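Examining the three-dimensional arrangement
Below, each chain spelled out in residue letters.
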Amino acid sequence: MTTKKYYAVFKGREIGIFTSWAACEEQIKGFSGALYKSFKTREEAEAALGLTDRALLFQVEPKEVNLWKTQNKILPANEFIINSVCVDASCIGNPGEVEYRGMHTATRKIIFHKRPMANGTNNLGEFLAIVHALAYLKNQGSHLPIYSDSETAILWVENKKVRTKLVKRDSNKEIFDLVERGLKWLENNEYTNPILKWNTAYWGEIPADFGRK
RNA sequence: ACAU
DNA sequence: TAATGT
Ligand SMILES: [Mn+2]
Ligand SMILES: [Mn+2]
């Protein structure tokens, strides 16, 4: 008897888990740069795609592992870690109404979304998005890397310090309170997730983008 | 100049 | 076109 296999497709026409070789092949045959792997159980396949909190127990292709361990924040053109979380912020006016969200890069599943906050800046939103991802992933026991397109926000997270010029007002108390909470979280928690620069020029808009530009 |  | 940031 042949054992059923589960195919995790990382790069292909469609991203996801397929339960037959035929279905998998449809996604990867003739697809340049296709990346996939078979697993014995659905759980392993889901974990490999980063859909569960045991992702690291089933780490995937050597190529991906090497990329994972790189210290470089900007990887070579057309090489990014699809088994990752990406974040982005968007605002209507700057300063203005700021929201942010995080998404699993491979599947485009939205994993968190902060509703708009009044009178914030783009950079505060980008900062909060990264910190939210760090806290979320730590709670999940996940070491997945985090992509942001914001040089400013990445720096602020690394420094555990924001250098916003925005003046505190009654109207932006919510976002400043959240920033304060984020900074406290960074002070009081360790994290293992690499924070990587999304290279928009090579790869196009970060998948978490709100599509308003 | 670079990144949003 | 204008603002947020290094
Ligand atoms: Mn952005
Ligand atoms: Mn965006």
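None of these values were measured; they are calculated from a predicted model. (Residues numbered from 1 in each chain as written. Chains lettered and ligands numbered in written order. Predicted model: local features only at pLDDT ≥ 70, side-chain atom pairs only at ≥ 80, totals over all residues. Heavy atoms only, no water.)

**Considerations on the sheet that holds strand E5 (residues 96-104)**
Spatial ordering of the open sheet is given by E6-E5-E4-E7-E8, a layout of five strands whose pairing is mixed. Lying at the two open borders of the sheet, with one neighbouring strand each, are strand E6 (110-120) and strand E8 (195-197). Neighbour-to-neighbour, the strand axes of the sheet open up by a mean angle of 25°, direction not taken into account. Inspection of the sheet shows strand E4 (residues 85-93) paired to strand E7 (residues 146-148) by two bridges, in the parallel sense. Each residue of the ladder has a partner; that of valine 85, found in E7, is isoleucine 146. Each of E7 and E8 touches helix H5 (residues 151-159); the most contacted strand, E8, lies at about 155° to it. (Pairing = 2+ DSSP bridges. Helix = DSSP H or I, 4+ residues; strand = E, 2+ residues; numbered from the N terminus. Axes fitted to C-alpha atoms, helices over the stretch in contact; angles between N-to-C directions. Contact = heavy atoms within 4.5 Å.)

**Details of helix H6 (residues 173-188)**
For H6, spanning 16 residues, the distance from its first C-alpha to its last is 22 Å, which sits close to the expected 22 Å at 1.5 Å a residue. Summarising the contacts, the buried residues of H6 are in contact with E5, E6, helix H4 (122-140) and H5. (Expected span 1.5 Å × (residues − 1).)

**Some points on unusual backbone geometry**
Peptide bonds are mostly trans, and most non-glycine residues show a negative phi. Of note, the amide linkage connecting asparagine 94 to proline 95 takes the cis form, showing an omega dihedral of 5°. For proline 95, the location among the structural elements is in the loop between E4 and E5. Within the chain, arginine 108 stands out as a residue other than glycine whose phi angle is a positive 65°. Inspection of the secondary structure puts arginine 108 in the loop between E5 and E6. The phi dihedral of lysine 160 falls on the positive side, at around 50°, and the residue is not glycine. Mapped onto the elements, lysine 160 comes out in the loop between H5 and H6. According to the relative accessible area criterion, lysine 160 is partly exposed, its value standing at 30%. (Buried < 20%, exposed > 50% of the residue type's maximum accessible area, 1.4 Å probe, protein only.)

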